[in-house]
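Structural description and commentary
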Amino acid sequence: MASGSAKARAKDGSQRVSSVASGGEDVTELLRSRLQQWWGYPDFRQLQKEAMSLVMQNRDSLIVLPTGGGKSLCYQVPALARDGMAVIVSPLISLMKDQVDTLQSLGIAAACVNSMQTGQEKSEVAGMIRRRALKLLYISPERLVQPKTIEFLRDAYVSFIAVDEAHCISQWGHDFRPEYRQLKTLKREFPGVAVHGYTATATEQVRLDIVEQLGLQNAEVLVGSFDRPNLVYRVERRVDAIGQIQRILERHKGESGIIYCISRRNVEATSQSLNRLGLKTLPYHAGLADEERRKGQDGFIDETADIIVATVAFGMGIDKSNVRFVIHAEMPKSLEHYQQESGRAGRDGLEAECTLLYSPGDVETWNYLMRDVEDEGVRSSSDESLRSMKQYCSSTQCRHRMLVEHFGQTLEKPSCGACDVCLKEMTEVEDALVVSQKILSGVIRQGERFGAGYTAQVLKGSKAKRILENRHDSLSTWGLLKDESETQLKHWIDQLLSQGYLRQSGEFNCLEVTPTGRQVLKGQLTPTLLRVRRTEESERREDSWEGVDRGLFEELRGLRMRLAVTRNLPPYIIFSDATLRALAKHRPTKASSLQQIPGIGAKKLQDFGPVVLFEIQQWCLSRKLPTDVDFLEGRTAIADISERPHSSKPATDSVTAAYYDLFEQELSMEEIAVQLDKSLDTVSRHLASWLQFQRRSDISPWVSVAVQARIEDSIGRLGPEKLKPLFEDLKGEIAYHILRTVATVWEFCQHEEE
Ligand code: ADP
Ligand code: MG
Ligand code: ZN
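Calculation rules
Residues numbered from 1 in each chain as written. Chains lettered and ligands numbered in written order. Predicted model: local features only at pLDDT ≥ 70, side-chain atom pairs only at ≥ 80, totals over all residues. Heavy atoms only, no water. Core = buried A, V, L, I, M, F, W, Y, C linked by side-chain atoms within 4.5 Å. Buried < 20%, exposed > 50% of the residue type's maximum accessible area, 1.4 Å probe, protein only. Contact = heavy atoms within 4.5 Å. Pairing = 2+ DSSP bridges. Helix = DSSP H or I, 4+ residues; strand = E, 2+ residues; numbered from the N terminus. Axes fitted to C-alpha atoms, helices over the stretch in contact; angles between N-to-C directions. Donors = N, O, S within 2.8 Å, 3.2 Å for Na, K, Ca; no water. Tetrahedral: all angles 85-135°; square planar, octahedral: opposite > 155°, others 65-115°. Near = heavy atom within 4 Å. Polar contact = N/O pair within 3.5 Å; in protein donor to acceptor, adjacent residues only side chain to side chain. Areas by Shrake-Rupley, 256 points an atom, 1.4 Å probe, with all protein chains shown as cover. Nonpolar A, V, L, I, M, F, W, Y, C, P; charged D, E, K, R; others polar. Phe/Tyr/Trp six-rings, centres within 6.5 Å; stacked < 30°, edge-to-face > 60°. Lys NZ or Arg CZ within 6 Å of the ring centre and 35° of its normal. Salt bridge = Lys/Arg side-chain N within 4 Å of Asp/Glu carboxyl O.

1. Section: the nonpolar core
Judged by nonpolar contacts, the single largest core of 100 residues is most densely connected at F314, Y392, F663 and W702. Apart from the residues within four sequence positions on either side, W702 is in contact with F663, E666, L667, S668, M669, L687, W690, L691, R696 and I738. A109, L153, I161 and V193 belong to the second-largest nonpolar core, a separate cluster that totals 37 residues.

2. A word on the sheet that holds strand β7 (residues 220–223)
Ordered by their spatial adjacency, seven strands build an open sheet running β3-β4-β2-β5-β6-β1-β7, and the pairing between neighbours is parallel. Two strands in the sheet have a free side with no partner beyond their single neighbour: β3 (110–113) and β7. Along the sheet, successive strands turn relative to each other by an average axial angle of 20 degrees, direction set aside. When β3 meets strand β4 (residues 136–139), the two strands line up parallel, connected through four bridges.

3. Some words on the environment of V705
By secondary structure assignment, the location of V705 is in helix α31 (residues 705–718). When the C-alpha atoms of V705 and V363 are compared, they prove to be 74 Å apart, with 342 residues separating the residues in sequence.

4. Focus on the sheet that holds strand β9 (residues 256–260)
Pairing within the open sheet is parallel, and its six strands lie in the order β8-β13-β12-β9-β11-β10. Strands with a single pairing partner mark the edges of an open sheet, and in this sheet they are β8 (231–237) and β10 (281–284). Across the sheet, the axes of successive neighbouring strands diverge by a mean angle of 15 degrees, strand direction being ignored. The pairing of β10 with strand β11 (residues 307–310) spans four bridges and is parallel.

5. A closer look at the coordination of the zinc ion (ligand 3)
Here the zinc ion (ligand 3) is held by the protein donor atoms C398 (SG), C416 (SG), C419 (SG) and C422 (SG), which lie 2.2 to 2.4 Å from it. Viewed at the metal, the four donor atoms of the zinc ion (ligand 3) are separated by angles of 104 to 117 degrees, and the geometry they form is tetrahedral. Written as a sequence motif, the donor residues of the zinc ion (ligand 3) are C-x17-C-x2-C-x2-C. Owing to a relative accessible area of 14%, C422 belongs among the buried residues under this scheme.

6. Regarding the site of ligand 1
Taken together, 15 residues lie around ligand 1, and Y41, D43, G68, K71 and S72 are the ones closest in. One nitrogen or oxygen atom from the main chain of D43 is found 2.8 Å from a nitrogen atom belonging to ligand 1. Between ligand 1 and G69 there is a distance of 3.3 Å, counted from an oxygen atom to a backbone nitrogen or oxygen. Coverage of ligand 1 by the protein chains reaches 85% of its 570 Å² of free accessible surface. The greatest single-element share of the shell around ligand 1, amounting to three residues, is contributed by helix α4 (residues 71–81). Of the residues belonging to the shell around ligand 1, the class tally is four nonpolar, seven polar and four charged.

7. So, α4
Within α4, 10 of the 11 residues are buried, which leaves it mostly tucked inside the rest of the structure. Buried within α4 are the following residues: K71, L73, C74, Y75, Q76, V77, P78, A79, L80 and A81.

8. Thoughts on the packing of aromatic side chains
For the coordinates displayed, the defined rule picks out 16 aromatic pairs. Aromatic pair W545 and F553: ring centres 5.1 Å apart, planes at 80 degrees, arrangement edge-to-face. Residue class for W545 comes out buried when judged on its relative accessible area of 11%. The interplanar angle of 70 degrees and the centroid separation of 5.5 Å between the aromatic rings of F575 and F608 together place this pair among those described as edge-to-face. Here F608 lies in helix α27 (residues 602–623) and F575 lies in the loop between α24 (571–574) and α25 (577–586), a separation of 33 residues in the sequence. Residue F575 is classed as buried on the basis of its relative accessible area of 4%. Counting every residue linked through ring pairs, the aromatic cluster contains F614, Y659, Y660, F663, W690 and W702. Lying over the aromatic face of W545, R550 brings its terminal NZ or CZ to 3.7 Å of the ring centre.

9. Structural notes on the pattern of salt bridges
Pairing is possible between side chains of opposite charge, provided their charged atoms come close. A complete count under the given rule lists 39 salt bridges for this structure. Taking the shortest distance from any N to any O, the salt bridge between R685 and D681 comes out at 3.1 Å. Taken together, the residues R685 and D681, both in helix α30 (residues 680–694) and four residues apart, mark about one turn of the helix. A salt bridge links D729 to R717; the shortest N-O distance between them is 3.3 Å.

Keep in mind that these numbers describe shape and distance, not what the molecule does.
Following this line, the structure appears as C-alpha cells:
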C-alpha cells in the first residue's frame, strides 16, 4: 500500500553513512540529499554548503551568518550525514525546545536535556543515547561541562559539538553568559572531536574572542554577508506614535510582529493605547510576573497573540520564523541592537517590515538612562553608538547600505529596493524655504502662544471652534498650506523643531521661533523638509506574493493552525509561511507535485500530505482555479495518492480537515464522534473518504482484525456495495459504521488488484 511505502522512508534520522566522506562532490551531494529528504529544501543558502563541509571534515570552525541565515542547518544536516550523535550547546531552554520540536516534526531523532524535565524524561533521553538512537542532543553549557555528563558522553559516540549563539561566551558581546566560559574544557575533554561555533555577531573583537575562548584549533572562520535583503527598513519621525503604529499594523492584519519600546512604562502605555483601539497586543518586560511573561511569549509563539509590545528583554529565545514586522516605537541604543532586534523579522526569507520611529528626544532618554554609569570607556562607547544610531535615523542614504557599512561590509547593488530611501517613500520638499517661512510666520502671527497641533490646524485653514474664538481665521497665515494634510504639517513642524528653527516652551509646549528660525524668515538659511509618500505610491514590489492565491493562503493558514493546536506545536513548525505561499501559488493536488514544494520533506508529506492536498483540491475545484501550476514533470512521487480513480469524492465541508487530522492520529471513531460532536455514521463516512484518498488499507485502529475477518467473509459472498444485506447476514451484531469501513477498503483493494 502507498501509505506503507511512505512510512518506510520516514522513521527516524538514525540512518548511517559508513564513514566520514571527505571527497568534495560526494559530500556535497550527500548533504544535499539529506537537505532535500528531511527538510524538503532544494538548495543551500549562502555559506551553508561550506559550513557543513567543515563539519564533515571534522575541522574546528566559527560560522558567522546573520539572524535567519540558516545557521542551525549548518550543524543539523551534517549531524544526519555523519555517524554518531551531535551535541548542540544552546543557551536557552526555549531555543532548544524550538529546535527539537522542529527536528522531531521532520522525523529526525533529536532530544534535549534540561532542568525543566522530570527525572523520568531525563532517563528516557539517557536510554536513547545508550541505545545510539539519537542523532542530535541539545544541552545547556553548564550541564554539558559537569563531570558526570562528560563521563557519560565519552561513551556516547559524539560526532561533533556545535555551540549555538557562540557570542554568549564573550563578555564583549551583548548576551554574555558566564556559563559559556566553561566550554573551553570541551576540546580537552573530547580529544579528536571538532567544535564548531555559530553566531550572528558582527564585531571582529567578539569573533576573535569566541575562537580564543572555545580553544578552537586551526579554526576556519567563515563570515557571510550581513545584509538581510528581505527586510524593508523604514525610519519615520515620531509625530503621533500610536497613529503611526496603527497605520503599520493595518498592513499586517493577522500577522505576527513585535513593537519595541525603551521603558517598561512605555511598553504598558503603548500596549494599552493600541488595545483601546481594538487591537490585541500583549505587553512584555522584565518587571512582569513570570506567569504573565510566559503568557506573552507562549501566546506569541503559538499565535494566539499576534502583537507583542516589549522592551529588549523580549526576543532572544524566539526562533519564530514568520515574524512579519518589527516596529521600534523609540530609538534603540546602538546599530548593533537595531540589527539584532529588527533581525527577528523575516527569518523565513519572505519580506518583512522593520520600521523605526524616532524623535530627537530619544537620545536624551538614553543619556538619562546612562547617567549613573561612571566608567569612562563605557560612556564614550555609548555616546559613539548613539551618534551612529542618530545618523542612521536622520540620514537620507540607503538604510541597507548604512547597516552593512557600519559592520565593515559593502553593499554591491546600487539600490537595495527595500528601504524607504531607495523606494523613494521619502522625498525632499523642493520649495522647503517657502514652506518653512509659511510655518514660522504662522507661529509668530499667533503670538507664539500655541502648540504644534493648533498651528497645523490654522495653516490647514480649520474652522475649529477654538480657532474661530481666537479669530485666527482672519490671520493671513490661516489656510496658507491648505493643500497639505494636518499630519504632514505636524511632521514638518517637528522637523523644524529638530533642526532648531523652532523650540517648545512652557507646560503646553507652545512653539517659539528661535534666532536661527528668524534667519530662515529673512531667507538666510534653508531648512530641509521631507515629505513621506503614502505607501500605496511606494515603488516596492512584493515578488513573493506573485501568483499566490491569497484566499487559499488564508485557508491553509487556518488549516495550519488546526493542525498545530491538535499537536500542541507552534504553527510555524508545522509549515513555514514560505511553504504556505508556495502551496497557494503552485496549488499541488498530487503527491508528486507536493513533494516539490520547499519545506515538504518525507515526513511532512506523509503526515500532512493528504489533508493539504484535499484542502487545495476543494478550494480550487469550487473556484475553477488551475492546479499543479509550474511543476517539473517526471519527478517520481513517494506515494501517488490522488492519481488513481476515486470511487466516490471525499466530502466537501470545511471541517473535513479536522476529521482528517484525527484519523491521522488514529483516534477511534467513538472518540472522534465525541470530540467533534457527530454521529458514528457521519464519522465513518469521512473515514471512508479518507481511507480511499490515502489508499490506506490498514484499518486496525478502527476495526479489530477478528471483526474484519467476519465481515470480509460476508463481503466475499455478498459483495461490498450494499451494507444492509451484510448487516442482516451478520445478524445485526455489527454496526453500520464498522461495516462501511471494512467495505470501503475491500472495494478499493479489489480495484487495485485488477
Ligand atoms: P539562524 O539560526 O541563522 O538565525 P535558522 O537556522 O533559524 O537561522 O533558519 C532560519 C529559517 O531559514 C528556518 O526557518 C530554516 O528552516 C530556513 N532555512 C535554513 N536553510 C534553508 C535552506 N537552505 N532553504 C530554505 N530554507 C532554509
Ligand atoms: Mg539560530
Ligand atoms: Zn536602500
